Amino acid sequence: MGRMSRSRGDPESPLVTLARFSGHGLTWAMSTGFFLFLGWLLDGRVGTVPLFTLLGAFLGAAAGFYYILQQLVFLPREAEKQRAREHEDTRE
């Protein structure tokens, strides 16, 4: 069965919304955990125990936050601008 397209006015089902936002949260948590782990490994090799662990945690959290910001703010804004441009092109 093909994927059904929604028009802009149709509401999204609560389960789809839950899955979408859970995915964003998991992505943020995984990036934080991954960079925290890399910092912990680097601290073990260099001997600067909390330094790279903390830097890794902050770097991972920042990267995850940027991903969420991009997915929820920047990309929809660009898509809206593209739709507006296409709408203007069809009017001419």
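Note that this is a predicted model, so its numbers are computed, not measured.

A.B. asks: A description of the packing of aromatic side chains should follow, citing residues and the corresponding values.
C.D. replies: With the rule as written, the count across this model stands at three aromatic pairs. Measuring from ring centre to ring centre gives 5.7 Å for F34 and F35, while their planes differ by 80°; the resulting arrangement is edge-to-face. Residue classification places F34 among the partly exposed positions, given a relative accessible area of 49%. A residue is classified by how much of its surface remains accessible, and F35, at 26% relative accessible area, is partly exposed. A ring pair is formed by Y66 and F74, whose centres lie 6.4 Å apart and whose planes are at 55°; its orientation type is tilted. For F74, a relative accessible area of 33% gives the class partly exposed. Over the ring of F21 we find R20, and its NZ or CZ is 4.6 Å from the ring centre.

What counts and what doesn't
Residues numbered from 1 in each chain as written. Predicted model: local features only at pLDDT ≥ 70, side-chain atom pairs only at ≥ 80, totals over all residues. Heavy atoms only, no water. Phe/Tyr/Trp six-rings, centres within 6.5 Å; stacked < 30°, edge-to-face > 60°. Buried < 20%, exposed > 50% of the residue type's maximum accessible area, 1.4 Å probe, protein only. Lys NZ or Arg CZ within 6 Å of the ring centre and 35° of its normal.

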